[in-house]
Amino acid sequence: MSQQDLPESFTPPKRPRPQRRQENPPSYSPKERRIRPGGSNKTNQQTSSSPGNIQEAGHHSHTPGGHAARPAISRKLESTPTRREETHLANAQEIPVQSRTGSRFSRRPAPSRTRVLPQERAEKSRVDQESPKTPSRLEPIPSTKERRISRPNFKFRRIFAAVLTLTLIFVIAWPLYLCHLANSQLNRVEALSTLPAGEGETWLIAGSDKRSDGSDGGVSGADIGARSDSIMLVRKVNSMSAIVSLPRDTAVVIPGYGQNKLNAAYSFGGPRLLVKTVEGISGVKVDHYVEVTMGSVTQLVDVVGGIELCLDYDVDDPDSALKWQSGCHQADGATALAFSRMRQQDPKGDIGRAERQRQVVSKLADTLITPSTFLNPFKQRDLAIAGAQNLTCDTDSGAWALGKLLLTYRSAAKNRLTGAPPIANMAYYDGAHGAMVLLDKQKTPSFWSAFQKGTLQPSQYHQFQ
């Protein structure tokens, strides 16, 4: 039922006229009192309470649009988005709002003004809203004067480059030069057998008692030929390093010659027969052969500046020319050679001499790895020349194999895995070759097996009674 169909007895309540939105914002001047539409001011209360005064109150306190007239804050507000929107909707048709003065819904707020755009304008407005906005162009940054970056001092850079070059030469080029120098002066000999290589790596060190004219620091004499004065096996397998000293008078079976002393194999067939005989005793494949002359011991000890040796009894031996007082002393090359050769006054015989020979090699290895030797290029060069000129290796070994031998020997001496195999008799006679050293046939098989597998223990070596 519309408002026109209402009965005459029903008098619709009167309500204030709908208030139009003020186009200009109100002034914030403290002298003017702000009257909010629909607020709780007394004037609005009185106006809304008496129906007869609605028009009068609206005439005095509101503009024809329904809002109090106040000056604008600034003219710049006229270009607000609302003003632009009204400009855009200038051609729209406005739907009149039905007055609710005599309706029962007069107390409710007036509906907002509605405008209907023409079809063409509506589609254009929708397309404009959906189309992406073109980003604004950035103004080019004015060119500024480049700041000058301070560069490091050229003198410092040259010093740094020189130090770096010297370091690379010392770390890379110098070791390569020493290896080449040693390999070019090493003596070569055919010594290895045809046995297949096994696990680990084994060196056979043979000390030759060959005489010379004495100019190389060795022993001078008229003896013809040479014998192996000391024989040692050095092995590394499964990160275990061990040294076994074989007494030179050990009773062995020499291939093609029968039973005899071990050092006789060198006299009969040279390094190759000695290697073959040692492999027959131990059952271990020899990978590298190193022969040391007496002159090399003297020269190497003198180059490093001497080594400290210890012996707990006095010695005055004319055969080896060793004169020693009990205790530890600094020994030069000649004294170290006599210290390793003496056996007539040693109560242990060949076993004691082998112990002193291992002490000389161990102390020499410790001295070679000290910083004073490692950082002195002149001493390194002298050591390479002295060692190469007095050492004899197999054709497949060189300076690299000698370096690994030095480290393996040092590790075995540190772990106390040095000594002789189990011995049954120190003075065994067969009636043809004099006194010989007889190995224990019951203990040696397990000893050599542990030596080959890398499980050898210090307790398995021969314990001198």
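A. Here's a closer look at the side chain of Ser-282. You can see Ser-282 is positioned in helix H6 (residues 264-282). Given the relative accessible area of 7%, Ser-282 is considered buried. A polar atom in the side chain of Ser-282 sits 3.3 Å from the backbone nitrogen of Val-284.

B. Fine view of the side chain of Asn-390. Among the secondary structure elements, Asn-390 is positioned in helix H11 (residues 377-390). A polar contact is formed between the side chain of Asn-390 and the backbone oxygen of Ala-386, at a distance of 2.8 Å.

C. Looking closely at the pattern of salt bridges. Following the criterion strictly, the structure yields 10 salt bridges and no others. Note that Asp-249 is salt-bridged to Lys-261, the shortest N-O span being 4.0 Å. Remark: Lys-261 occurs in strand S8 (residues 258-261) and Asp-249 occurs in the loop between strand S6 (240-246) and strand S7 (251-254); sequence separation between them is 12 residues. Across the pair, Lys-261 and Asp-249 agree in class, each one buried. Here Asp-366 and Arg-410 are joined by a salt bridge, their closest N and O atoms 3.0 Å apart.

D. Molecular detail of the sheet that holds strand S4 (residues 201-208). Strand order in this open sheet of seven strands is S3-S14-S9-S4-S5-S6-S15, and the pairing throughout is mixed. The open sheet terminates on both sides in strands that have one partner only, identified here as strand S3 (187-189) and strand S15 (418-419). Where S3 and strand S14 (residues 391-394) come together, three bridges link them in parallel fashion. The residue bridging Arg-188 from the neighbouring strand is Cys-393, located in S14. Here helix H12 (residues 399-414) sits on the sheet in contact with S4, strand S5 (228-237), S6, strand S9 (288-292), S14 and S15, set at roughly 90° to S6. Of the strands in this sheet, S5 and S6 touch helix H13 (residues 444-453), which is tilted by about 55° from S5.

E. Local environment of the pairing of strand S16 (residues 423-429). Pairing of S16 with strand S17 (residues 435-439) involves four bridges; the strand directions are antiparallel. Bridge pairing links Tyr-428 to Met-436 in S17. Here S16 folds back onto S17, and the loop between the two strands holds five residues, one of which, Gly-431, carries a positive phi near 90°.

F. A look at H13. Of the positions making up H13, those classed as buried are Thr-444, Phe-447, Trp-448, Ala-450 and Phe-451. Seen along its axis, H13 keeps its buried residues to an arc of 160°; they face one direction. As for H13, its buried residues are in contact with S5, S6, H6 and S17. Trailing H13 by a residue or two, Gly-454 shows a phi angle of about 85°, which is positive.

G. Region of the structure containing the packing of helix H7 (residues 294-303) against helix H8 (residues 333-341). At a minimum axis separation of 7 Å, H7 and H8 run at an interaxial angle of 135°. Between H7 and H8, the crossing angle belongs to the class labelled oblique. For the element pair H7 and H8, the recorded crossing hand is right-handed. For the pair H7 and H8, contact is made by Met-294, Val-297, Thr-298, Val-301 and Asp-302 and by Gly-333, Ala-334, Ala-336, Leu-337 and Arg-341, respectively. A breakdown of the residues in the contact of H7 with H8 according to their chemical character gives six nonpolar, two polar and two charged.

H. Highlighting the packing of helix H9 (residues 350-368) against H12. In contact at an axis separation of 9 Å, H9 and H12 are set at 115° when each is read in the N-to-C sense. Note that H9 runs across H12; the crossing there is left-handed. On H12, the residues that touch Gln-357, Arg-358, Val-361, Ser-362, Ala-365, Asp-366 and Leu-368 of H9 are Leu-406, Tyr-409, Arg-410 and Ala-413. Residue classes in the contact of H9 with H12 are distributed as six nonpolar, two polar and three charged.

I. Expanded view of the state of the cysteines. The final tally for this structure, using the stated rule, is one disulfide. Covalent S-S linkage joins Cys-310 and Cys-328, the inter-sulfur distance amounting to 1.9 Å. Negative torsions about the S-S bond denote left-handed disulfides, and the value of about 110° found for Cys-310 with Cys-328 makes this one right-handed. You can see Cys-310 sitting in strand S10 (residues 307-311) and its partner Cys-328 sitting in strand S13 (residues 327-331), a full 18 residues away along the chain. According to the relative accessible area criterion, Cys-310 is partly exposed, its value standing at 27%. Using a relative accessible area of 43% as the deciding quantity, one classes Cys-328 as partly exposed.

The rules we used
Residues numbered from 1 in each chain as written. Predicted model: local features only at pLDDT ≥ 70, side-chain atom pairs only at ≥ 80, totals over all residues. Heavy atoms only, no water. Helix = DSSP H or I, 4+ residues; strand = E, 2+ residues; numbered from the N terminus. Buried < 20%, exposed > 50% of the residue type's maximum accessible area, 1.4 Å probe, protein only. Polar contact = N/O pair within 3.5 Å; in protein donor to acceptor, adjacent residues only side chain to side chain. Salt bridge = Lys/Arg side-chain N within 4 Å of Asp/Glu carboxyl O. Pairing = 2+ DSSP bridges. Contact = heavy atoms within 4.5 Å. Axes fitted to C-alpha atoms, helices over the stretch in contact; angles between N-to-C directions. Arc of directions from axis to C-beta. Parallel < 35°, antiparallel > 145°, perpendicular 65-115°, else oblique. Left-handed = near helix turned anticlockwise from the far one by under 90°. Nonpolar A, V, L, I, M, F, W, Y, C, P; charged D, E, K, R; others polar. Disulfide = S-S within 2.5 Å.

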